[in-house]
Each structure stands twice: as structure tokens, then as C-alpha cells.
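Listed below are the residues making up each chain.
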Amino acid sequence: MNDAELRQKLLSVHPPDELQAERRSWNVVRAAWETREAYPAERRLSPLLAAASAAAALVVLALTPVGSAVGGWIKDTVVGRPDARPALDSLPAPGSLLVSSAQGVWVVRADGSKRRLGDYRQASWSPRGLFVAATVGHQLAALEPDGDVRWTVTRPQVVSDARWMPGTGFRVAYRAGRSLRVVGGDGEGDRLLAPSVAPVAPAWQPIENHALAYVDRAGRIRLVGADDRRERWRTGRARPALGLEWSRDGKWLLAWSPNLIRRYASGGQLVTAIRVPKRRYEVLGATFKPGTRMIAYTVLEKTTGKSSVFVYKRNSIERFSGLGRFTKLTWSPDRKWLLLSWPSADQWVFLEIPGGVRRIDAVGGITAEFYPGTGVGAFPLVEGWCCAG
Amino acid sequence: MDLVAAVPSYSRMGMAGFRRGERPSIRRARSGSVPDVEQLFREHWPRAYRAAYLVVHDAAAAEDIAQEAFLAAVRSLERFDARRPFAPWLHRIVVNRAIDWTRSRSLRRELGGDLVGEQPASSADRTAPVSDEVVRALATLSPEHRAVVVLRFLLEYTPGEIAGVLELPRGTVNSRLRRALDALKDSFEEEQA
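A. Main features of the overall build of chain B. Across its full length, chain B carries 10 helices and 0 strands. Reading chain B from its N end, one meets helices and strands in the order α-α-α-α-α-α-α-α-α-α. Taking all 193 residues of chain B together, 41% fall into the buried category. For chain B, contacts bridging at least 24 residues in sequence account for 73% of all contacts bridging at least 6.

B. How the structure looks around the overall build of chain A. Scanning chain A from terminus to terminus reveals 5 helices and 29 strands. Burial statistics for chain A: of 389 residues in total, 43% are counted as buried. For chain A, restricting intrachain contacts to residue pairs at least 6 apart in sequence, the fraction spanning at least 24 positions comes to 45%.

C. Structural view of the pairing of strand β5 (residues 122-125) of chain A. All names here are of chain A. On β5, burial covers both faces: Gln 122 and Ser 124 on one face and Ala 123 and Trp 125 on the other are all buried. Bridging between β5 and strand β6 (residues 132-136) involves 4 bridges; their strand directions are antiparallel. Paired with Ala 123 across the two strands is Ala 134, which belongs to β6.

D. Fine view of the sheet that holds strand β8 (residues 149-154) of chain A. All names here are of chain A. Spatially, the 4 strands line up as an open sheet ordered β5-β6-β7-β8, and their pairing is antiparallel. Whereas interior strands pair on both sides, the edge strands pair on one side only; in this sheet they are β5 and β8. Pairwise comparison of adjacent strand axes, ignoring direction, gives a mean angle of 20 degrees for this sheet. In the sheet, strand β7 (residues 139-143) pairs with β8 via 5 bridges, with the strands oriented antiparallel. Paired with Ala 141 across the bridge in β8 is Thr 152.

E. Examining the nonpolar core more closely. Residues Ala 133 and Leu 338 of chain A together with Ala 51, Ala 52, Ala 66, Val 94 and Val 150 of chain B are the most contacted members of the largest nonpolar core, which totals 157 residues. Ranked by the residues each element gives to this core, the list is headed by helix α3 (residues 34-56) of chain B, at 12 residues.

F. Up close: the confidence of the model for chain B. Residues and elements named next belong to chain B. Chain-level statistics for chain B give a pLDDT mean of 74 and a share of 74% at 70 or above. Note on residues 1-19: pLDDT is under 50 here. Beyond four places in sequence and across chains, it has 32 contacts. With pLDDT under 50 throughout, residues 108-131 is counted as low confidence; its partners more than four residues away or in other chains account for 36 contacts. The complex prediction reports pTM at 0.57, with the ipTM value standing at 0.79.

G. Broad picture of helix α4 (residues 59-75) of chain B. With 17 residues, α4 of chain B extends 24 Å from end C-alpha to end C-alpha; this agrees with the ideal 24 Å at 1.5 Å per step. Most of α4 of chain B is tucked away, with 13 of its 17 residues classed as buried.

H. View of the sheet that holds strand β12 (residues 191-194) of chain A. Residues and elements named next belong to chain A. Spatially, β9-β10-β11-β12 is the arrangement adopted by the 4 strands of the open sheet, whose pairing is antiparallel. Each edge of the sheet is formed by a strand with only one pairing partner; in this case those strands are β9 (159-164) and β12. Each strand of the sheet is rotated relative to its neighbour by a mean of 30 degrees, with strand direction disregarded. The pairing of β9 with strand β10 (residues 171-176) spans 4 bridges and is classified as antiparallel. Bridged to Ser 160 within β10 is Arg 175.

Scoring rules and cut-offs
Residues numbered from 1 in each chain as written. Chains lettered and ligands numbered in written order. Predicted model: local features only at pLDDT ≥ 70, side-chain atom pairs only at ≥ 80, totals over all residues. Helix = DSSP H or I, 4+ residues; strand = E, 2+ residues; numbered from the N terminus. Buried ≥ 20, exposed ≤ 12 C-beta atoms within 10 Å, placed from the backbone. Contact = placed C-beta atoms within 7 Å. Pairing = 2+ DSSP bridges. Axes fitted to C-alpha atoms, helices over the stretch in contact; angles between N-to-C directions. Core = buried A, V, L, I, M, F, W, Y, C linked by C-beta atoms within 7 Å. pLDDT = per-residue confidence, 0-100. Expected span 1.5 Å × (residues − 1).

In C-alpha cells, the structure reads:
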């Protein structure tokens, strides 16, 4: 064999999945390149931008279509809304909130009435709000909204992040220690799906394919079939996302981490990457605007301690800002209101969104609502808002 | 027959041509042209991916390695000196990462086996059966020896250029090439026998 023959042999080796690998990688590289221009490195910020509200400016400049407007309710130096209702006497939209605090899991009805479901740490709604999957310690429990226990599963590891499959609700995925498991909606057939996953809640693709997205320990996002365990696709290694969410039509997957928001097509192609300079800013959360592939997200400017929420309208981005961290974005079931958790103000802020932010309905004294007796504790976490009608 | 000396230099045969065509492309890419970035990617991806695969023998890992190399290149494109060829810069990243990956996999095995969850779930699907005689023969070499073979015969660098890419003395490159070729020759003869 001479050199030319050896070279020919090397050239004749075709790695499996060569074209798909090229396609996937070009999508990633293109997205990285396109966002590079949108988010220049911090050292390259002009003094003007740096002096101004830089986080907002960067994000808005990057995402606002040419000629569009940035409007909204900017209260940069205010902690809390002064016009907030003093108590949670009602919700501005139909449906029920699921809330967790150190004193347990609660259901809040639209009329403001609350019911404590039990001493659980986390919870999530079933697709039609008929049940709640709740976790505490080593136990996963399926509850009725009045707190009655339908079934439980106990594992040797600590369980968390239970998520009910959309549509039929035939499966519940949850984390047990480092692993990801799936159990039937009737509590039967508990089994391992992935042995080592990152501490991030999995996300069911909301179409009838029984596929679940999760983040592995290397930071890859993987989409796997819950029944056949077959991997549909996976991304490359990355810093693990802190949150995953599918759009309601199952066509887009959102993944966010402190400095990066990514949107993938259902086939795993990266289509959007919003990068935030990490020394100054931190992404606190992101969510799809219901019924769209647009993203609402919240960013903390570290130097000022100010958080901003950005929500797309048709030709602009609405912004709501305030001092402190905004911890959670939750859409109402009718898709008209965005609930913003504002722990430093001890408030929930409801933003009416369609066609732009029209009204703001803030409620104060949230902590006391979920710590009866003492009124003191960690700020409650909104786990979900379900279901209209 | 001198296998080492017989193959022409990549820089003489290929890179000079690349350089002339590449310079304006890199300049346009820097100014934000996506088509020019794509041209660079399409031009260099097949060799980068194949080189990584021939060192690591795992398609998923090779994809990650080549992809990360391109991402690193894209992030640094503005600092890149357009008078220099793009390929050696990229290949340096690819081959060194591929060697590191193979070494770390070997180390995990020595320490008691790979962690199941840290393996790509699909790696079994996407790692081809080692049916090709070249891949089987390469598998008998260490990652360092595979790397010099790939750099020399797939990417067509001279031993001097390989020494630069791997930051090794030229003598070491030559001895690795010689040993690797002897081992490959033995493997091919066994195959034929």
C-alpha cells in the first residue's frame, strides 16, 4: 500500500450520519454567528450604552425589528407597585394557580380562595387540571385538587420535578436523584428512562408522540421516546439549561440558562440563540408567548439590581422593569395575562398582554398568604396556572 | 518507498489555493456575511468531521468536537489574521480535542468504566460497526498515532506542519508516523491474510 492508497482509504471512510451531522452543526454555527453581532462582548460596549440601561438596550436592539417601538411601563427604580392590592382576593383570569411554599402546596382559585393540598415541596398540574403531581422527599403523589391522594410512588432517591404528559396524561415523568423516570398516569409501570440527568425539569413534547426532552449531565438536550426509549435527537454539549419548555403546538423547544436563551425546532435544529454578556446580566426566566413561537423573558442587570421583563407584541417589545429579581413567568390559561413573581416587593404582578401590555394588576402581601400563622417564609413559587373553562 | 516524504504538503498543494480564495471570504464573514461563513463551514466541515471521527471512532463525539471547533473559530474570527490559512487553525483545535477526548475516555475505562449516563444515548446507533479495514486498523493505534496519520494522509500536512499543529518536535512526529505506518501495514497484511 502506498501513500496514495492510504489516503484514498482514509477518504473513503464516511462517518455514519454524516449529512445530518453537517446539517445540525451548521444550524448551531449559524445561530452562534448571527447572535455574535447582536450581543457584542462587554468590552466592546460603547460608553453611551454602558451608561444607559444597557441590558434592556442590548436585548431590545437585538430583538426589535427595524423601526419598531419599545414601550411599556418602565419603573426602573421602584420596588413593587404602589397601587398593588393588599391581598389576594381574586385572580384576573379564569383558572387555578398551583403554588408551593415551605408550608406545602396550595391551589388558588380564581375567586382568591385557597386550599392547602398537603406537605409537599413541588407540584404540577395534569393536562386538564383534574390532578396534581406532587413531590416531597422520596415520594411522588398524584392528588386530586382537593388534596385526596390517588396513588403514590416511593423511590430510594429524592424525587422532584414531576411533569404530567400533555393531552392524554397517560404518563408522568419525574427526577429521582440523578435519574429520570416515567410512571403511568395510574401510578403503574414505573421505570427508568435515563440514568443521569441534570437537575432540570423535563418537558413533554405536546403532541401525541410520547416524547420527552431533558438535559443530561453534559448539558446536552435530548428528546427521547418515553415508551421505546429511542433518542430522536440531541444537541451538543453545553452549559446545562435551567429550564425547558415546549410551545403549545410542539413545534418549538425553549431552553434557557443564565446567559443564553435558545429556541430549537421540533427536529432539534437551533433556530434562535440570545446571548447575554454574563458579567453584567443574568437571564432569570423565559417562556413562550402562548400560541406563538415568540419568547417572553426576564433579565437581571447585575450592576443595578434591576430586572426587566420583555414581551413581544406584533411590531415591538413591551418592557416592565423594577428593582430586585423577577423569579417566574407564568401565563394565564386564557393566554391574556402574564404573572410575574417579584419576591423583593413581596408581590405578584399580572400584566395584561394581548396587543401589548394594557393593564397591570399587582397583589402584595404574597408571602403571608402562604404562611398562615407566622406570615414569614421563603417567597412562594408559582408552579402553574390551569385551566380555562 | 518513503510514505512520509511521498505525500505533498497540504500548504503547498491545497492551502495556497485556499488562502487566495479564502481571504475575501473571511473578510466578508467578519463584516457579517452569513453566506461567507457558510462557505467556510461547508468547505472545511467534511475534513474536520472526518478527521475527528478517524481519531475518536465515535460519530457523536466527532460531531461535538468538530462543532465545538467551528464555534471556537466563529467566536474568534474577528481576531483571526486573514493572511494566514484558516484550515490549520481549525484542524489544530479539532485534532487536539479529539486526542483529549480519546484519552479521557480511556482514563474513565481505567477508573472503572464509563458512566452510563454520560455516554451519548445514541452513541451505539451512531457509531458505525467497525467494518472498514482502515478504521479497524486505525483502532489498533494510540490516539496520538492516529492523529499524525490523519494529519499527514487525510489533511495532507507535512511533518513540519504537523509538528506545529501538535506542538511536538519534528523528530517525534516522524517517529510516530513511522511506527503508525508499520502498524497499519501489519494490520492490512493480517486483513488480507
